[in-house]
Amino acid sequence: MANNSYRTVYAFAREMYPKTVKTDIQYGTAGFRTRAVDLEYVMYRMGLLAVLRARYKKAVIGVMITASHNPEPDNGVKLVDPHGEMLEQSWEAWATKFANVADNKLEDTINELIKEYNITNMNDRVEILVGKDTRPSSPHLAKSVVDGVLALSGKPIDFGIVTTPQLHYFVKCRNTRGAYGLPTEDGYYKKLTTAFKNIRGSNFTNGNYTNRVIYDGANGVGAKKVKFLKEALQGSLIIDMYNDEIIGSGKLNYLCGADFVKSQQKFPTGLPVESNARCCSVDGDADRIVYYYLDENNKFHLMDGDRIATLVAGYLQEIVQQTGIDLNMGLVQTAYANGASTEYITEKLKVPVACVPTGVKHLHHKALTFDIGVYFEANGHGTVIFSQETKNKLKEAAKNNSYSEEQRKAIEKLQILIDVINETVGDAISDMLLVETILHAKGWNVTDWEACYTDLPNRLMKVTVKDRRVIKTKDAERICVTPEGLQKEINTLVSKYSKGRAFVRPSGTEDIVRIYAEASTRKETDKLAAEVALKVFELAGGTGNAPEIPQ
Ligand code: G16
C-alpha cells in the first residue's frame, strides 16, 4: 500500500501531528469535543478519515470545526455525510479508532479501513468541505484538517467561518449538483429568504404579529451571519441583534446563547429588557434556537424546542389537511421533551410521537421514516424533513386540475415552505424564519403562542463524576441500567411527586452527567432534580461538592 502520498501521511503524523494525549476520546453526541489544545492530531486524522469516507461514498464530505455550545477553551470536530446529515454511526467507531490509535499504528488502521470497505479508488481527488466557527483556536485546527486531507491527496475546500448548518447545506448542494441550492453563502441566504419573503407577501404584520425579533447571537458565528441575512430579508423581518462579538460585552456562549437560556431558564446578558418582546437566542455555531420573553412583571417565559416543534407540527398539519393529499406526519422528540408538550401533540394535534436518544443524528434518522418528519430536541435543535416521495406528490398535485383552487394554494404554500427549511440538520437561522412565518400566518404574538399549553416545570442539572461512562442507559435514555440500584432510587424519588419524572444520562459533549426532572410545581421540580443529582453523586462516583437539596 505504501506510495508517496502514504509516506506523506506518516511523515506528517510523526513530525507535525503526533498523538499528544494518552487517554482515549470518543466520537460522541456531535463528534469529538474537548480542550482545543488537545485536538490537533485528532483534526489531522479526521482530515484523513474524511478523504477515505469521500472515496468510499464517491461523494463530497464535510468537516466542521466547532464546539457549538461548549465554552471557548473547548473545540470539536464532526464529519458531514453526503446528504448533509451527520456521519453514519458505523463510521463513528472508525472515527474513534482513528483518533485513539498510536502514531505507529495509524498506517495499519488506514489499511484496515480500506480493506474493510474495499476502497479501490485511492487516487480520486475527492472534495472535502471545511468550515469553522469563530473560536480563536479554529483557524489552526482547520489547518490540521486540511493537512490531513492533503496528505491523502484529497482536495480541501475551505469555506472559512460558517454556521454548522450552512456547511451541512453546502455539502448537500454540492452532492446534488446544485439541485438543493447553490453551494455558497449567498445561495443559502437567497434560497431561505426568497421563500420567506414569498410566503410573507407585502403585509409584514398580521393580527397580533409584529415583524420584529430581538436576537441574541451568543457572540458567535450566528451573530456574524445574521448581518447578511438581514440584508437579504429587505425589511420583511426586523432583527435587532445583540451579543455579537463586536458590539457585545461578553465571550462566546457566556451568560448568553441558546444553551444558557434553556438550561438556566434565564434571560441572557446583553439584551434590552422590553415587556412581552419576542426574543430568541442561538448557540455558538447557530444550529439551535430558543425563544423567550419577559412579561410586565419581568417574569421569564421560555419557548424552547418543544414549543417550536408543536408550533411547526400544528401548522404543517393544518396545511397538509388543506392540500387534501394523504401524507403521514410524525414528530420525533427525546426524553427531555416536556411531558405537557408530548401530551399536547398526541392528544390535541393527534400527531404520532416517537422518542429516541439524545443527538440530532438519532432524531434525523427516525424522522426519515415519515412522509413529513418534524424533529426537535427541547434544547432547540431540530428541523423538518420531507421525503422525496412527498415532494414528488406535491409537484404532481400542483399540476393536477382535479384539486380545488384552495387545495392548490395550500400545495403551493407547502412547496415554498420547504425552501424556508434547511432539511439537512437543525438550523437556528432557518428555524427562526420558519417560526416567524408561522406566527405571521397565525397572527400570533409570543403570548398567543405560549397559550397553546402549559409546560410542566422542569429542571436540568449537571453532576461531575470520576468517569461518566459508568452511567449506562436504555429505552431512549429513560432508564438507567448502571450503576446498579440507581434507577430504583430514582423511581422511589419520582414516586413522591405529582407528575414527577426524572432521568439521568452521560453527556456526549461535556465531561458531566446530565439530570432532568419535571413535576407539577417549581418547588417540587427543583427538589426532585437535586435529590436525583445527589443519588448520582453518591452512586456514580461524584467529585467536588455534593449537590444540595433545597428546602
Ligand atoms: C449537540 C448535539 C445535540 C445534543 C447536544 C447536547 O448539540 O448536536 O443533539 O442535544 O449536543 O448533547 P449532550 O447532552 O450529549 O451533551 P450542539 O449544539 O452542542 O452541537
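Axis separation between helix H10 (residues 305–323) and helix H11 (residues 339–349) bottoms out at 10 Å; the angle between their running directions is 10°. Taken together, the axes of H10 and H11 are roughly parallel relative to one another. The chirality of how H10 crosses H11 is right-handed. On H11, the residues that touch Asp306, Thr310, Ala313, Gly314 and Gln317 of H10 are Ser341, Tyr344, Ile345 and Leu349.

This next bit is on unusual backbone geometry. A cis geometry characterises the amide bond from Thr482 onward to Pro483, with omega recorded as 0°. In this fold, Pro483 is placed in the loop between strand S17 (479–482) and helix H17 (486–494). Of note in the backbone geometry, Ser153 takes a positive phi value of approximately 60° without being a glycine. The residue Ala218 is not glycine, and still its phi comes out positive at about 60°. Checked against the element boundaries, Ala218 lands in the loop between strand S6 (212–216) and helix H8 (221–233). Taking the relative accessible area as the measure of exposure, Ala218 reaches 0% and is therefore buried.

This part covers the pattern of salt bridges. Counted under the stated rule, the structure contains 37 salt bridges. Between Asp259 and Arg288 there is a salt bridge, with its nearest N and O atoms 2.9 Å apart. Within this pair, whereas Asp259 is found in helix H9 (residues 257–264), its partner Arg288 is found in the loop between strand S8 (279–282) and strand S9 (289–294), the two being separated by 29 residues in sequence. Using a relative accessible area of 6% as the deciding quantity, one classes Arg288 as buried.

This part covers the sheet that holds strand S12 (residues 353–355). Here we have 4 strands laid out as an open sheet, ordered S12-S11-S13-S14, and mixed in their pairing. Two strands lie at the open edges of the sheet, namely S12 and strand S14 (382–386), each paired on one side alone. Ignoring which end each strand starts from, the neighbouring axes of this sheet average 20° apart. Of the pairings in the sheet, the one linking strand S11 (residues 329–333) to S12 comprises 3 bridges and is parallel in character. Of the residues in S12, the one forming a bridge with Val332 is Ala354. Sheet strands in contact with H10 are S11, strand S13 (372–376) and S14, and its direction is about 165° off that of S13. On top of the sheet, helix H12 (residues 360–367) reaches S11, S12, S13 and S14; it is set at about 160° to S13, its chief contact.

Glancing now at the site of the ligand. Contacts to the ligand come from 20 residues, most closely from His69, Glu377, Ser507, Gly508 and Thr509. Between an oxygen atom of the ligand and a main-chain N or O atom of Val360, the distance comes to 3.0 Å. Summarising the interface, the protein chains cover 98% of the accessible area of the ligand, which totals 460 Å² for the free molecule. Along the lines of polarity and charge, the residues of the shell around the ligand split into 2 nonpolar, 10 polar and 8 charged.

When the domains of the chain are assigned, the result is domain 1 (7–161), domain 2 (187–302), domain 3 (306–421) and domain 4 (458–539). When each unit is reduced to the centre of its C-alpha atoms, the spacing between domain 2 and domain 3 is 23 Å. Domain 2 puts 13 residues into the contact, and the matching count from domain 3 is 11 residues. Across the domain 2 to domain 3 interface the summed buried area is about 1,100 Å²; carbon plus sulfur atoms make up 64%. In terms of surface lost to domain 3, no three residues of domain 2 exceed Ile199, Lys262 and Arg288, which account for 39% of the buried area on that side. For the pair domain 2 and domain 3, the number of links is 1 salt bridge. In this structure, Lys191 and Asp419 form a salt bridge, with 3.9 Å as the shortest nitrogen-oxygen distance. Inspection of the domain 2/domain 3 interface yields 2 residue pairs in polar contact (both at pLDDT 80 or more). Within the residue set of the side of domain 2 that touches domain 3, elements represented by two or more residues are helix H7 (185–200) and S9. A total of 6 residues in the side of domain 2 that touches domain 3 trace back to one element, the largest contributor, which is H7.

Scoring rules and cut-offs
Residues numbered from 1 in each chain as written. Predicted model: local features only at pLDDT ≥ 70, side-chain atom pairs only at ≥ 80, totals over all residues. Heavy atoms only, no water. Axes fitted to C-alpha atoms, helices over the stretch in contact; angles between N-to-C directions. Helix = DSSP H or I, 4+ residues; strand = E, 2+ residues; numbered from the N terminus. Parallel < 35°, antiparallel > 145°, perpendicular 65-115°, else oblique. Left-handed = near helix turned anticlockwise from the far one by under 90°. Contact = heavy atoms within 4.5 Å. Buried < 20%, exposed > 50% of the residue type's maximum accessible area, 1.4 Å probe, protein only. Salt bridge = Lys/Arg side-chain N within 4 Å of Asp/Glu carboxyl O. Pairing = 2+ DSSP bridges. Near = heavy atom within 4 Å. Polar contact = N/O pair within 3.5 Å; in protein donor to acceptor, adjacent residues only side chain to side chain. Areas by Shrake-Rupley, 256 points an atom, 1.4 Å probe, with all protein chains shown as cover. Nonpolar A, V, L, I, M, F, W, Y, C, P; charged D, E, K, R; others polar. Domains from an automatic or database assignment. Buried area = accessible area lost by both parts, 1.4 Å probe.

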